[in-house]
Amino acid sequence: MERVCVIGAGSTKYGKLQDSITDIAVQASVDAIESAGIEPKEIQAGYISNVFGIADKQVHLGPVIMSNLGIPEVPSLSIESACGSGSVSFREAYANVAAGFYDAVLATGVEKVTHTGTEWTTTYFSYCSDFFYEGGAGASFPGLFASIARAYLAEFKATEEDLALVAVKNHDNGLLNPKAHLRKKITVDDVMKSAVVASPLKLYDCCPFSDGASAVIICNEKFAKAHTKNYIQVIGSGRGGSPAALQGREHLTTIPSTKIAAQAAYKMAGLTPKDIDFAEVHDCFTIAELVDTEDLGFFEKGKAVDAVRQGMTKLNGAIPINPSGGLKSKGHPIGATGIGQIAEVFDQLTGKAGERTVKDAKIGLTHNFGATGASCAVHIFKSV
Amino acid sequence: MQAAQFIYSKVYNLAAKEEFISTIKSGKILARKCTKCGYLHLATTYFCQNCGNKGFENALIEGKGTVVTYTIITVPPAGYEKYAPYAWVVMKLDGANLRISGFMQNIKSPADLPLGTKARIAGYDERGILIEKL
């Protein structure tokens, strides 16, 4: 297998964007190409992650993006894995470069949904669940994670205020990220007083619906060295699955796909959770960050609450989680999120993260899943 | 069209979902027990999750159990506006290592539904599988 590197990254701002889905996808792609210092003609394939292109009247995004980049002859494909689309797409790009099919490829993730309104997004996102048992019985996505939260709070004697601490921390980080959707300092009190969306989760426990695009350039080591000194290596890549419906899982407070993907990624990298300097994890709701950081092995089961209370996951803590602000504050354009996490790790490990830089970080991990973690990908990166 | 549907359903035994729903309507759950390892699945599973076997025998389970988690939805998806607030509930079935989830009407606050509340399958309609407190 070829050693695989990321040599460039770009993102639009996340939030409510005016431009079309194509325009924002192309903008992020151009930024990634320029960040890598390559010519578009050096790209041999495009991996496009998106879920609801239909909402902005554009599916089959690959050829449209490639045409806009002046490389219509380059093959591309679209990948949908709900909110995990970006990292799943990255994994396919990684595998093809590792196998030697391509020297350099583009992975672009994009979503444009905010113009559709809350009812449309709530309804269409629910189609990502195991619909017969979940969305088709009135469960929204906040509702599914709220059900995980209720079980977690009861099992581990945690409180809704503990969940709020995750939101407060991620908003603090997002304030330092110029591209974040929700750049606003909040308090535990603000979270507790926000409107209930799906008990016990309130509005400020939930990530926003966002528009946005992110892109990265993935290549083999020879290509990387020929173009730049400022790149990172992919040292671990793992994927996993879970029973699609929550009811079918052994534990309601553990996401099996995360554990499977993480074990595979750690094994490939020859590392343990203790070796990770920081992580971008899938905090679509505050409860998810607690569950994720336990399933990834940073904390024992039920102990993430103590870690958050002690500030261990803050930017200056023992294991900073979501220095970008996470899905909660940076935003969650679902097809772009997994690529955006990798763009953040690229920025962190190549000295481009500004005020939110994690001090002395050499190894970063990304964790991104689809739906309630029915599908998951974990990647580990190292600075060079 | 009719013939094509018949062949499809015969080959893949897709009638199982209809059978499952009609059983739900009578307050029971049609589970499938693996003939090789005994693992229990909801009827909509076609291969054993535990051993990969394709042979099953029917196991009719009483649709009664305990609420193990739930949420109360105040921002509903389309079609559920007139029912909100309502609960979406995960219930562990009595006497079987199996959970099932569904819609529960008339739950306005967590005080209405402590974890551990006994509940039962109450039917199936446009809201999905219906669960009610015992």
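Only a predicted model underlies this, so the values are computations on that prediction, with no experimental measurement involved. (Residues numbered from 1 in each chain as written. Chains lettered and ligands numbered in written order. Predicted model: local features only at pLDDT ≥ 70, side-chain atom pairs only at ≥ 80, totals over all residues.)

(A) The arrangement of the overall build of chain A in detail. The helix and strand inventory of chain A stands at 13 helices and 11 strands. Since a compact globule built from 384 residues should have a radius of gyration of about 21 Å, the 19 Å found for chain A is in line with a globular shape. Principal axes of the C-alpha set define a box for chain A whose edges measure 55 × 45 × 40 Å. Among the 384 residues that make up chain A, the fraction classed as buried is 64%. The long-range fraction of contacts in chain A, counting pairs at least 24 apart against all pairs at least 6 apart in sequence, stands at 78%. (Helix = DSSP H or I, 4+ residues; strand = E, 2+ residues; numbered from the N terminus. Rg over C-alpha atoms; globule rule 2.2 N^0.38 Å. Buried ≥ 20, exposed ≤ 12 C-beta atoms within 10 Å, placed from the backbone. Contact = placed C-beta atoms within 7 Å.)

(B) How the structure looks around the overall build of chain B. Each helix and strand counted, chain B has 2 helices and 8 strands in total. When the helices and strands of chain B are placed in sequence order, the string is α-α-β-β-β-β-β-β-β-β. Burial analysis of chain B (134 residues in total) assigns 35% to the buried set. Considering only contacts in chain B between residues 6 or more positions apart, those separated by 24 or more positions represent 46%.

(C) Spatial organisation of the packing of helix α5 (residues 141–156) of chain A against helix α10 (residues 286–295) of chain A. Residues and elements named next belong to chain A. At their nearest, the axes of α5 and α10 sit 9 Å apart, and the two run at 60° to each other. If you check the angle between α5 and α10, you find them oblique. Read as a crossing pair, α5 and α10 show a hand that is left-handed. When α5 is examined against α10, the residues F145, I148, A149 and Y152 are found in contact with a partner set consisting of I287, A288, L290 and V291. Its residues placed into classes, the contact of α5 with α10 shows 8 nonpolar, no polar and no charged. (Axes fitted to C-alpha atoms, helices over the stretch in contact; angles between N-to-C directions. Parallel < 35°, antiparallel > 145°, perpendicular 65-115°, else oblique. Left-handed = near helix turned anticlockwise from the far one by under 90°. Nonpolar A, V, L, I, M, F, W, Y, C, P; charged D, E, K, R; others polar.)

(D) Broad picture of the interface of chain A and chain B. Listed as interface residues are 27 residues of chain A and, on the opposing side, 26 residues of chain B. Secondary-structure elements contributing two or more residues to the side of chain A that touches chain B are α4 (118–126), α5 and β5 (196–199) of chain A. The greatest single-element share of the side of chain A that touches chain B, amounting to 6 residues, is contributed by α5(A). The class makeup of the residues in the side of chain A that touches chain B is 12 nonpolar, 12 polar and 3 charged. With 2 bridges connecting them, β5(A) and strand β4 (residues 64–73) of chain B associate as antiparallel partners. In the sheet register, A198(A) faces β4(B), and the bridge partner there is I73(B). (Pairing = 2+ DSSP bridges.)

(E) Structural context of the nonpolar core. Counting residues in each nonpolar core, the largest one holds 161 residues, and the members touching the most others are V6(A), F145(A), V216(A), I217(A) and I218(A). With 9 residues, α5(A) is the largest single contributor of residues to this core. Both domain 1 (2–62) and domain 2 (64–133) of chain B contribute no fewer than three residues apiece to this core. (Core = buried A, V, L, I, M, F, W, Y, C linked by C-beta atoms within 7 Å. Domains from an automatic or database assignment.)

(F) Region of interest: the confidence of the model for chain B. Looking at chain B as a whole, its pLDDT mean stands at 88, while 88% of the residues score no less than 70. Under a pLDDT of 50 for its full length, residues 1–12 of chain B has, in the predicted model, 3 contacts with residues more than four places off or in other chains. (pLDDT = per-residue confidence, 0-100.)

(G) Here's a closer look at the sheet that holds strand β8 (residues 232–241) of chain A. Residue and element names in this part refer to chain A. Reading across from one edge, β3-β2-β4-β7-β1-β8-β11-β10-β9 is the order of the 9 strands in this open sheet, with mixed pairing throughout. Each of the sheet's edge strands pairs with one partner strand only, and the pair in question is β3 (76–79) and β9 (278–280). Between one strand axis and the next, the sheet turns through 25° on average, direction left out of account. The pairing of strand β10 (residues 363–370) with strand β11 (residues 375–383) spans 8 bridges and is classified as antiparallel. Paired with I363 across the strands is K382, a residue of β11. The sheet contacts of helix α9 (residues 256–269) involve β8, β10 and β11, and relative to β8 the element is tilted by about 145°.

(H) Spotlight on the sheet that holds strand β2 (residues 40–42) of chain B. All names here are of chain B. Within the open sheet, the 3 strands sit side by side as β2-β1-β3. Their pairing is antiparallel. The open sheet has two free edges, formed respectively by β2 and β3 (56–62), since each of these has just one partner strand. Each strand axis lies, on average, 40° off the axis of its neighbour in the sheet, ignoring direction. Direction of pairing for strand β1 (residues 28–34) relative to β3: antiparallel, over a ladder of 7 bridges. Note on β3: the bridge partner recorded for C34 is F56.

(I) Structural view of the environment of I79(A). Residue and element names in this part refer to chain A. For I79, the position within the fold is in strand β3. By C-beta crowding, I79 is classed as buried, having 24 other C-beta atoms within 10 Å. The contact partners of I79, leaving out residues within four places of it in the chain, are Y47, I48, S49, S85, V88, S89 and E92.

(J) View of unusual backbone geometry. Residues and elements named next belong to chain A. A cis geometry characterises the amide bond from S199 onward to P200, with omega recorded as 5°. Topologically, P200 is positioned in the loop between β5 and β6 (201–202). With phi around 50°, A82 is a residue other than glycine that occupies positive phi space. Mapped onto the elements, A82 comes out in the loop between β3 and α3 (85–98). Take A82: there are 20 C-beta atoms within 10 Å of it, and that puts it in the buried class.

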